[in-house]
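Each chain, written out:
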Amino acid sequence: MTALNQSQPLMVASPAPAARGQGARRSLGQWLIITEAVLAFLFIYIPILILIVYSFNASRFSSNWEGFTLSWYRSLLQGGGVLGLGGVDEAAQRFAAQGILHSLRNSLIIATIATVIATTLGTMIALAMQRYRFKLRQVVDIMLYLPIIIPEITMGISLVIFFNLLFRLLSQVLGITAVLGFPTIIISHVAFNISFVAVVVRARLAGMDPALEEAAQDAGANDWQVFWRIVFPLIMPGVLGGALMAFTLSLDDFVITFYTAGIGSTTLPLFVYGMIKFTVTPAINAISTLMMIGSMVLVTLSLVLQRQQ
Amino acid sequence: MDMIVQAHEAARQRQRQQQRTLHFLLAPATIWLLVFFMLPLLIMLVISFMKRGTYGGVVPEFNLANYAQLLNADYFIIFQRTMVLAVATTVLCLVIAYPMAYWIARQPPRLRSVLVMLVIIPFWTNFLVRTYAWMVLLRNEGVINTLLLSLGLIDEPLTMLFTPFAVIVGLVYGELPFMVLPLYANLEKFDYSLMEAAHDAGANNFWAFVRVMLPLTLPGIVAGCILVFIPSIGAFVTPDILGGSKSVMIGNLIDRQFKAARDWPFASTISITLMVIVSLAVALYFRLVGESDRTI
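Note that the structure is predicted; figures quoted are calculated from it, not measured.

The rules behind each value
Residue positions are counted from 1 within each chain, in the order its sequence is given. By the order in which they are written, chains take letters starting at A while ligands take numbers starting at 1. Residues qualify for local features only when their pLDDT is at least 70, as the model is predicted, and side-chain atom pairs are given and counted only at 80 or more; totals for whole chains, interfaces and linings, by contrast, use all residues. Residue burial here comes from a neighbour count, namely the number of other C-beta atoms, placed from the backbone, that lie within 10 Å of the residue's own C-beta, with 20 or more meaning buried, 12 or fewer meaning exposed, and in between meaning partly exposed. A run of H or I in DSSP counts as a helix once it spans at least four residues, and a run of E counts as a strand once it spans at least two, with each numbered from the N terminus. The directions considered for the arc are those from the helix axis to the C-beta atoms. For the domain bounds, the source is a domain assignment made automatically or taken from a database. Expected span of a helix, by definition, is 1.5 Å for each gap between consecutive residues, and there is one gap fewer than residues. Whether two residues are in contact is decided by their C-beta atoms, placed from the backbone, lying within 7 Å. The residue classification treats Ala, Val, Leu, Ile, Met, Phe, Trp, Tyr, Cys and Pro as nonpolar and Asp, Glu, Lys and Arg as charged. All others, Gly included, are polar. With axes taken as lines fitted to C-alpha atoms, and helix axes fitted only over the stretch in contact, angles between N-to-C directions fall between 0 and 180 degrees. Two helices crossing with the near one rotated counterclockwise from the far one by less than a right angle form a left-handed crossing, whereas a clockwise rotation gives a right-handed crossing.

Novice: A description of helix α3 (residues 71-78) of chain A should follow, citing residues and the corresponding values.
Specialist: Among the residues of α3 of chain A, Trp 72, Ser 75 and Leu 76 of chain A are the ones counted as buried. Seen from one end, α3 of chain A has its buried residues packed into an arc of 110°, which puts them on one side.

Novice: Explain the domain arrangement of chain B to me, and be specific about the residues and the numbers.
Specialist: Structurally, chain B comprises domain 1 (2-47) and domain 2 (67-293). The C-alpha-based centres of domain 1 of chain B and domain 2 of chain B are spaced at 40 Å.

Novice: Lay out helix α4 (residues 109-120) of chain B with the relevant residues and their values.
Specialist: Every α-helix carries 3.6 residues per turn, so stepping three or four residues along brings you back to the same face. Residues and elements named next belong to chain B. An ideal rise of 1.5 Å per residue puts 16 Å on 12 residues; α4 measures up with 17 Å between its terminal C-alpha atoms. Within α4, the full set of buried residues consists of Leu 115, Val 116 and Val 119. All buried residues of α4 fall inside an arc of 100° around its axis, so they share one side. For α4, exposure combined with an orientation more than 90 degrees from the buried face picks out Arg 110, Ser 113, Val 114 and Met 117.

Novice: Tell me about the interface of chain B and chain A, residues and numbers included.
Specialist: The partner chain A presents 69 residues to the 68 residues of chain B that form the contact. Element by element, the count of residues in the side of chain B that touches chain A is highest for helix α1 (residues 2-47) of chain B, at 19 residues. For the side of chain B that touches chain A, the per-class residue count stands at 50 nonpolar, 13 polar and 5 charged.

Novice: Please give an account of the domain arrangement of chain A that cites residues and values.
Specialist: All names here are of chain A. Domain boundaries assigned for chain A yield domain 1 (2-54) and domain 2 (98-307). Taken residue by residue, the interface counts 4 residues in domain 1 and 5 residues in domain 2. Residue classes in the side of domain 1 that touches domain 2 are distributed as 4 nonpolar, no polar and no charged.

Novice: Summarise the environment of His 102 of chain A; cite the residues concerned and give the values.
Specialist: Residue and element names in this part refer to chain A. By the element assignment, His 102 lies in helix α4 (residues 90-131). You can call His 102 partly exposed: it has 17 C-beta atoms within 10 Å. Separated by 21 residues in the primary sequence, His 102 and Thr 123 have C-alpha atoms spaced 31 Å apart.

Novice: Got a sec to walk through the packing of helix α6 (residues 152-173) of chain A against helix α13 (residues 264-288) of chain B? Specific residues and values, please.
Specialist: Packed helices, taken two at a time, are described by their axes: the angle between them and the distance between them. At a closest axis distance of 10 Å, the pairing of α6 of chain A and α13 of chain B adopts a crossing angle of 145°. The way α6 of chain A lies across α13 of chain B gives a crossing that is left-handed. Residue-level contacts link Ile 153, Thr 154, Ile 157, Ser 158 and Ile 161 of chain A of α6 of chain A to Trp 264, Ala 267, Ser 271, Leu 274 and Met 275 of chain B of α13 of chain B. Grouping the constituent residues of the contact of α6 of chain A with α13 of chain B by class yields 7 nonpolar, 3 polar and no charged.

Novice: Tell me about unusual backbone geometry, and name the residues and values.
Specialist: Despite not being glycine, Leu 136 of chain A shows a phi value in the positive range, around 65°. The topology assignment puts Leu 136 of chain A in the loop between α4 and α5 (137-149). Judged by C-beta crowding, with 10 C-beta atoms within 10 Å, Leu 136 of chain A ranks as exposed. You will see that Phe 162 of chain B, though not glycine, has its phi angle at about 65°, which is positive. When you line up the elements, Phe 162 of chain B lands in the loop between α6 (143-150) and α7 (164-189). By the C-beta count within 10 Å, which is 20 here, Phe 162 of chain B ends up buried.

Below, the structure written as structure tokens:
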């Protein structure tokens, strides 16, 4: 609209018939752009809103609205609907209900441990990259970006092959039997999360005046003191933002977990994938809605922390 | 003289301490990435040149058969299709995102940042959930078919789920913000008085856009296209959930070779090839997109 208003005086100056024709076209163009933008926002939001609305729909198989219900949410906790059994087998339902809570618990444990490790290592390497010049710095820089751009499936497959060879080696040389599970998932999550934490913390460090640290060093503080008294309080929002991002990524990860998980280490996304692939019940809408709310809360928190001055 | 020596010594000590601090900061993450990221990739590269054992497993015998196998029509068609789907996704994202980013960039500053947030927020929800949402919309008894049937526009449900169409919709939906953000960054910086100047010089809207706005926002276009293309070419979840047998992509092929066929060497070969394609796209990104235009 602003473009239209700004250019109007110009059109008055040009020959009248042409100006009228062009003015009409232009406003049509403006309307097309507004319409397109609105449609694009609808495209982004409608699928999500439909999931939320249908999680309260009483209808089981059709997409017709057959009244409001909370039974899909209840069924998540009772296990009904999760396996698509709906009252067929009580034992199976209890098992499924345990499954969902169990996978949520697994996800939280994995995400917490992976976040603590990745945030520590990511912050440290961010400091090294942003505050020091050294040989091979560019090589480390590339290695740090690789996990962000590499296709997830490539990373997942390479890790599972690596772990399998490692396990074979362990059993042959040391006689130790190891299988895929929590440790392999956590190791893999840390491997991609370090990079994301480093990016966020480096952005924070880049906006910081190194004179403060130099002044503290001149005043006789050692590196350790400079870090905890000066640097850390200043980059704290970045570190927390990075940590929350790592936590969200870990909690949400499907592809890499899909390959590095073993029996008994099913995470929430793996469980939901199973539901999507092998059942069709509105209980998936309910769990999707809950996961969406969870992600939104985490991300909003992360963004607020990163923006804090 | 003594003082100079002392100062020199102090400086060296300081340097040594700095060196120690640097190593302390650098070592843990570097070692982690070397062992749990670079080494697995290296192993995969080596295995990609080996043979599959009779019962799965790997026979350590160097050969190029796996790479030659990529040219086999059955596999080549999947590479071709993946390219087509990724390019289609990129073009559609560009067409949807450009006017959208333009509109956002022309709003008052405060509204702008709210609108940008509105673009980003939904994409932080779980990818599986977002993909599943399209299953609810596209399936035969889904929302779109139910709506069209009840409006009397169609007599029988349209088959949309498990088709290449569904995969493209899912990919566009998943990658759209990667296009909107770099375009917006460019369109926001764009000096709109240049358009008036072009009009003054006698250009109509179309030519002003083609000759002025398009070249000046080209960095954003290039950045957005590459950023959408990269995840699209490596997609696995979207074609796995929304696609059918006619929309198998490279990601699904890798998964099948690895799990169903238990052919680790060939799965490695495809993964390495995929990585090379992605690396080329990334190299292009750093080559073509200046540092100031990079949003990611």
